[in-house]
Amino acid sequence: MRNIKLTIEYDGGRYSGWQRLGKGESTNTVENKLLEIIEKMTGAKGELFCGARTEVGVHAYAQIVNFKTESHLKTYEIKNYFNRYLPMDIAIKNVEDMPERFHSSLNAKSKKYLYRISNGEFPSVFDRKYMYHSFARLDVKLMQEASKAFIGKHDFKEFSTVKKSKSTEKEIYSIDIISKENELQIVIHANDFLHNMARMMVAIMMEIGAGRMRTSEVSALLSGKEAPEALLPADAQGLFLLEVEY
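Residues numbered from 1 in each chain as written. Predicted model: local features only at pLDDT ≥ 70, side-chain atom pairs only at ≥ 80, totals over all residues. Heavy atoms only, no water.

Enquirer: Hey, could you run me through the overall build of the protein chain in this one?
Expert: Secondary structure summary: the protein chain contains five helices and ten strands in total. For 246 residues, the compact-globule estimate of 2.2 N^0.38 gives 18 Å, and the C-alpha radius of gyration of the protein chain, at 19 Å, lies within 12% of that figure. Over its C-alpha atoms, taken along the principal directions, the protein chain stretches across nearly 60 × 40 × 30 Å. Looking at the protein chain as a whole, 48% of its 246 residues qualify as buried. Total accessible area on the protein chain stands at roughly 13100 Å², and carbon and sulfur atoms take up 48% of it. When the 35 basic and 33 acidic side-chain charges of the protein chain are each reduced to a single mean position, those positions are 3 Å apart. (Helix = DSSP H or I, 4+ residues; strand = E, 2+ residues; numbered from the N terminus. Rg over C-alpha atoms; globule rule 2.2 N^0.38 Å. Buried < 20%, exposed > 50% of the residue type's maximum accessible area, 1.4 Å probe, protein only. Areas by Shrake-Rupley, 256 points an atom, 1.4 Å probe, with all protein chains shown as cover. Lys, Arg positive; Asp, Glu negative; His and termini not counted. Charge placed at Lys NZ, Arg CZ, Asp CG, Glu CD.)

Enquirer: How do you make sense of the nonpolar core when you look at a structure like this?
Expert: Within soluble globular proteins, side chains that are nonpolar tend to cluster in buried spots. Core analysis: the biggest nonpolar cluster contains 65 residues, and Phe82, Phe159, Ile186 and Met201 have the highest contact counts within it. Here Ile186 is in contact with Tyr113, Leu114, Tyr115, Ile117, Met143, Ile175, Asp176, Ile177, Val202 and Met205, once residues within four sequence places are set aside. (Core = buried A, V, L, I, M, F, W, Y, C linked by side-chain atoms within 4.5 Å. Contact = heavy atoms within 4.5 Å.)

Enquirer: Help me out: how do you make sense of the packing of helix H1 (residues 30–42) against helix H2 (residues 75–85) in this one?
Expert: Between H1 and H2, the least distance of the axes is 10 Å, while the angle of their chain directions is 125°. By the angle class used here, H1 and H2 are oblique. Here H1 runs over H2; the crossing is right-handed. In this structure, H1 uses Leu34, Ile37, Ile38, Lys40 and Met41 to contact H2, whose residues at the interface are Ile78, Tyr81, Phe82 and Tyr85. Taken together, the residues of the contact of H1 with H2 sort by class into eight nonpolar, no polar and one charged. (Axes fitted to C-alpha atoms, helices over the stretch in contact; angles between N-to-C directions. Parallel < 35°, antiparallel > 145°, perpendicular 65-115°, else oblique. Left-handed = near helix turned anticlockwise from the far one by under 90°. Nonpolar A, V, L, I, M, F, W, Y, C, P; charged D, E, K, R; others polar.)

Enquirer: Explain the layout of surface pockets here, please?
Expert: One way to see where empty space is left: roll a probe the size of a water molecule over the atoms. Its boundaries defined by the atoms lining it, the second largest pocket holds a volume of some 200 Å³. Taken together, 15 residues form the lining of the second largest pocket, with Tyr132, Ala203, Met206, Glu207 and Arg212 sitting closest to its centre. (1 Å grid on protein atoms, 1.4 Å probe; cavity = no way out; pocket = protein on both sides within 12 Å on 5 of 7 lines; lining within 4 Å. Points joined across faces, edges and corners; volume = space filled by probe spheres on them.)

Enquirer: Which parts of the structure should I look at to understand the pairing of strand S9 (residues 183–190)?
Expert: Regular strands place their side chains on alternate faces of the sheet. For S9, the tally of buried residues reaches eight of eight residues, placing the bulk of the element in the interior. Of the two faces of S9, the one carrying Glu183, Gln185, Val187 and His189 and the one carrying Leu184, Ile186, Ile188 and Ala190 are both buried. Relative to S9, strand S5 (residues 110–118) runs antiparallel, the two sharing eight bridges. Residue pairing in the sheet places Leu114 in a bridge with Val187 of S9. In the sheet, strand S8 (residues 169–180) pairs with S9 via eight bridges, with the strands oriented antiparallel. Looking at S9, one finds that Asp176 is bridged to Val187. Joining the antiparallel neighbours S8 and S9 is a turn of two residues, in which Asn182 adopts a positive phi near 60°. (Pairing = 2+ DSSP bridges.)

Enquirer: Teacher, can you tell me more about helix H4 (residues 197–209) here?
Expert: One full turn of an α-helix is made of 3.6 residues, so residues set three or four places apart face in the same direction. Between the first and last C-alpha of H4 there are 18 Å, a value that for 13 residues agrees with the 18 Å anticipated at 1.5 Å per step. Looking at the residues trailing H4, positive phi occurs at Gly211, about 85°. (Expected span 1.5 Å × (residues − 1).)

Enquirer: Which parts of the structure should I look at to understand the side chain of His133?
Expert: Note on placement: His133 falls in strand S6 (residues 132–133). Side-chain polar atoms of His133 contact the side chain of Ser118, separated by 2.9 Å. Apart from the residues lying within four places of it in its own chain, the contact partners of His133 are Ser118, Gly120, Glu121, Phe122 and Pro123. (Polar contact = N/O pair within 3.5 Å; in protein donor to acceptor, adjacent residues only side chain to side chain.)

Enquirer: Can you help me understand the packing of aromatic side chains in this one?
Expert: Aromatic ring pairs are reported here in terms of the distance separating the ring centres and the angle at which the planes meet. Tallying each qualifying case throughout the model produces nine aromatic pairs. When the ring of Tyr113 is compared with that of Phe193, the centres are 5.0 Å apart and the planes differ by 80°; the resulting orientation is edge-to-face. A residue pair is termed long-range when its members are at least 10 positions apart, and Tyr113 in strand S5 and Phe193 in the loop between S9 and H4 qualify at 80 residues. Note on Phe193: relative accessible area 13%, which makes it buried. (Phe/Tyr/Trp six-rings, centres within 6.5 Å; stacked < 30°, edge-to-face > 60°.)

Enquirer: Would you mind going over helix H3 (residues 140–147) with me for this structure?
Expert: Among all positions of H3, only Val140, Met143, Ala146 and Ser147 are buried. Buried positions in H3, seen along its axis, are confined to an arc of 125° and lie on one side of it. Those residues of H3 hidden inside the fold are in contact with S8, S9, H4 and helix H5 (216–223). Its side-chain oxygen 3.1 Å from the backbone nitrogen of Lys141, Asp139 forms the N-cap of H3. (Arc of directions from axis to C-beta.)

What follows is the structure, given as structure tokens:
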């Protein structure tokens with residue numbers, strides 16, 4: 001039995017996430033598109049394990065997936081087969097044979113997410129599916145100052161829309177906020193993320209950058225002294241799974 005690792009790029013705009021979470025089932029997921037191809041390619045139903053379960057509308061530059069198969073196809077043949085039959089908004093970038101014990105979820109040591117913000121005079125017609133446009137002019141220095149409070153181990157239960165979780169303590173290794181012409185990029189590196197956690201963090205940093213929250217409020221939220229009042233996660237189209245590290 002072979003253990004195949006896939007590195008995948010996808011536009012999550014029209015999918016119900018990597019895998020449908022919560023009540024109800026949806027076949028319109030990135031996972032299901034891949035499972036359909038695996039069955040067609042190998043003649044057997046497969047099971048997929050992924051590095052990060054991206055949410056509805058979230059994109060990926062490098063999602064990591066593995067599955068077991070008895071297929072004798074060469075890795076380049078597997079890659080070509082996937083890319084021939086997958087929809088054009090999902091692409092297989094790389095295929096590798098891995099040791100039997102490799103597990104893309106259990107072996108993941110850390111994850112990086114990128115959030116893209118358009119901060120020009122008007123929203124881009126052509127980038128609107130992959131960036132969030134902020135009509136408020138964002139103070140990058142304030143956002144960078146606020147991001148420092150996130151670094152380290154914290155209980156992120158107030159930074160997720162899913163309150164039931166085995167553990168809500170996560171460790172943030174770094175947050176980089178990069179200012180480019182008419183664009184801000186926020187890269188968050190952590191050992192793991194709760195559902196919508198990255199988008200909630202971005203939403204709070206944008207509120208601070210817009211002058212609607214104080215930098216001191218981040219520490220208060222993390223300590224549980226305050227709860228975010230009716231604060232929604234940042235829009236999904238600006239978020240990308242950038243990397244899963246092993």
